[in-house]
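# A structural walkthrough
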Amino acid sequence: MEFNPDSTPYLSIFAALSYGVSSMAMVFINKAVLMQYSDSMTLLMFQQLVTTLLIHFGRVLGYTKAKGFSVDTAKKLLLVSLFYNANVAFALASLKGVNIPMYIAIKRLTPLAVLIAGFFYGKGRPSTQVTLSVLLTAAGVLIAALGDFSFDLVGYSMAFVSVFFQTMYLILVERSGAEDGLSSVEIMFYNSVLSLPFLLFLIIATGEFPNSLVMLFAKSNSFSFMVLLVLSLVMGIALNYTMFLCTIVNSALTTTIVGVLKGVGSTTLGFFLLGGVQIHALNVTGLVINTAGGVWYSLAKYHQKRSKLPKQMPDVETRRK
């Protein structure tokens, strides 16, 4: 299905909501799988392999209008794929040692990183409302983190590294889709194909192979685990697609803000599911501030889309034509 980046504000809302729901579900599903199956690189490779096969056969059977593989396009998207896999690899590794609320707290710093990165690749000065809403969101993250920040040097370090790679990845996706006219399905296909050799190298280099396959076969007789694994593979596809769609239809900063908003729900559930943590006043205060910043930004974005201001001043929020 092809989408027009300049379409109605309702498409922007749909793209943002679908990404938020998929992203929230994916955190819990991956955490549940990794609690039983610790080989995160092998899990990621299975997700990318399934995505590649589904898009390929979908194109062959006529279910999608995605174009065939092009070496020139692949070269342009090579960095996108590398940053994506680095982001997910570090994120999955951090999830093995960090509980969900604190993992999300660290990942919520991505919008601020995107805002800062915008100055370095020519986006110009962001609007006052965008700047204040993102800063308010980041302030809420820090306050919430102070309320419950159990120390895990390896886990938290990997989460911070993941923030950097996610920032670079989202910016590259936004520019690739806007400048090269690629649909979200096409970017997802190239990303999956280019990921496979990179992930295969990581699996061998980290020593996951062949023990990861032995463990997977050993757990294949567990119905609950297989259900979680299938859900992980399916939601991996849904998350990739909705993330590309949201970034192309809206912007990289919009995608990160949506990630912040869905993180509120994920954090709340994370207090009680899969190893919850104690609730403190600072957590609640931080989440309220965080939500206020995200809602503020979302409303500003919606009204901007509806008004369709001609020739807006370039900032972090606009896309290069």
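Report follows, based on the coordinates. Here the structure is a predicted model, which means the values were calculated and not measured. (Residues numbered from 1 in each chain as written. Predicted model: local features only at pLDDT ≥ 70, side-chain atom pairs only at ≥ 80, totals over all residues. Heavy atoms only, no water.)

## Points about the overall build of the protein
What the protein contains, in helices and strands, is 13 helices and zero strands. Element order for the protein, N to C, with α for helix and β for strand: α-α-α-α-α-α-α-α-α-α-α-α-α. Counting every position in the protein, which comprises 321 residues, the buried fraction comes to 52%. Split by element, the accessible area of the protein, about 14,600 Å² in all, is 72% carbon and sulfur. (Helix = DSSP H or I, 4+ residues; strand = E, 2+ residues; numbered from the N terminus. Buried < 20%, exposed > 50% of the residue type's maximum accessible area, 1.4 Å probe, protein only. Areas by Shrake-Rupley, 256 points an atom, 1.4 Å probe, with all protein chains shown as cover.)

## Quick look at unusual backbone geometry
Omega for the peptide link from F209 to P210 comes to 5 degrees, which places this bond in the cis form. Examined against the element boundaries, P210 turns out to sit in the loop between helix 9 (184-205) and helix 10 (211-219).

## Considering the nonpolar core
Residues Y103 and Y169 are the most contacted members of the largest nonpolar core, which totals 65 residues. At the level of elements, helix 1 (9-34), helix 2 (40-60), helix 4 (78-95), helix 5 (100-107), helix 8 (153-180), helix 9, helix 11 (223-249) and helix 12 (252-270) are the ones that each hand at least two residues to this core. When residues in this core are grouped by element, the largest group, 11 residues, is from helix 11. Discounting residues that sit within four places of it in the chain, Y169 has contacts with V80, F83, Y84, M243 and F244. Counting residues in hydrophobic clusters, the runner-up holds five residues, among them L115, V134, I257 and Y297. (Core = buried A, V, L, I, M, F, W, Y, C linked by side-chain atoms within 4.5 Å. Contact = heavy atoms within 4.5 Å.)

## Some details on a nonpolar patch on the surface
Nonpolar side chains collect at one region of the surface, where L49, L53, F57, V60, L61 and Y63 lie side by side and expose about 660 Å² of accessible area between them. If you trace the backbone, F57 turns up in helix 2. (Patch = residues over 30% accessible without salt bridge, like charges linked within 9 Å, V, L, I, M, F, W, Y side chains within 5 Å. Salt bridge = Lys/Arg side-chain N within 4 Å of Asp/Glu carboxyl O.)

## What about the packing of aromatic side chains?
Going through the model one piece at a time under the given rule, you end up with seven aromatic pairs. Look at Y37 and F225: their rings are 6.0 Å apart centre to centre, the planes differ by 55 degrees, and that puts the pair in the tilted class. Of this pair, Y37 sits in the loop between helix 1 and helix 2 while F225 is found in helix 11, placing the two residues 188 residues apart along the sequence. When the ring of F164 is compared with that of F165, the centres are 5.3 Å apart and the planes differ by 65 degrees; the resulting orientation is edge-to-face. (Phe/Tyr/Trp six-rings, centres within 6.5 Å; stacked < 30°, edge-to-face > 60°.)

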